[in-house]
Amino acid sequence: TSSPKTKAIYFPKIGTAKVLVGDALYCFGGKDGKGQLDNRLSSLNMNKRSWNVDIDLGHANSANVVPEGRANSCLEVYRSKFIILYGGNLNTSS
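Everything numeric in this text was worked out from a predicted model, so none of it was measured. (Residues numbered from 1 in each chain as written. Predicted model: local features only at pLDDT ≥ 70, side-chain atom pairs only at ≥ 80, totals over all residues. Heavy atoms only, no water.)

### Looking at the side chain of asparagine 39
Inference 1: Mapping asparagine 39 onto the fold places it in the loop between strand 2 (24–28) and strand 3 (40–45).
Inference 2: The buried category is assigned to asparagine 39, whose relative accessible area is 16%.
Inference 3: A distance of 3.4 Å separates the side chain of asparagine 39 from the backbone oxygen of proline 67, its partner in a polar contact. (Helix = DSSP H or I, 4+ residues; strand = E, 2+ residues; numbered from the N terminus. Buried < 20%, exposed > 50% of the residue type's maximum accessible area, 1.4 Å probe, protein only. Polar contact = N/O pair within 3.5 Å; in protein donor to acceptor, adjacent residues only side chain to side chain.)

### Details of the pairing of strand 5 (residues 74–78)
Strand residues, when the strand is regular, have side chains that alternate between the two faces of the sheet.
Inference 1: Note that strand 5 and strand 6 (residues 82–86) share 5 bridges and pair antiparallel. Across the sheet, leucine 75 pairs through a bridge with leucine 85, a residue of strand 6.
Inference 2: The loop that links strand 5 with its antiparallel partner strand 6 comprises 3 residues; one of these, arginine 79, has a positive phi angle of about 55°. (Pairing = 2+ DSSP bridges.)

Next up, the structure:
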């Protein structure tokens, strides 16, 4: 039997914050291979084994609060439906 085909989206980054909510692993921020900070929120569906870019916070509605790209931050789940971002490094030199 062959495994189901999934959409492969791979973001090679370091210092990414991660949190598991149900069957989805959410990842925020980090630095890419060029040392640039990222502010995208992505999720990995653990059942389907496929990645999705859920929210590109760089293009969010101007009424929303948009966190800056950062590395080495922390994500937490609150009341099973809110993801909270804590701290992180906001510069590319650290």
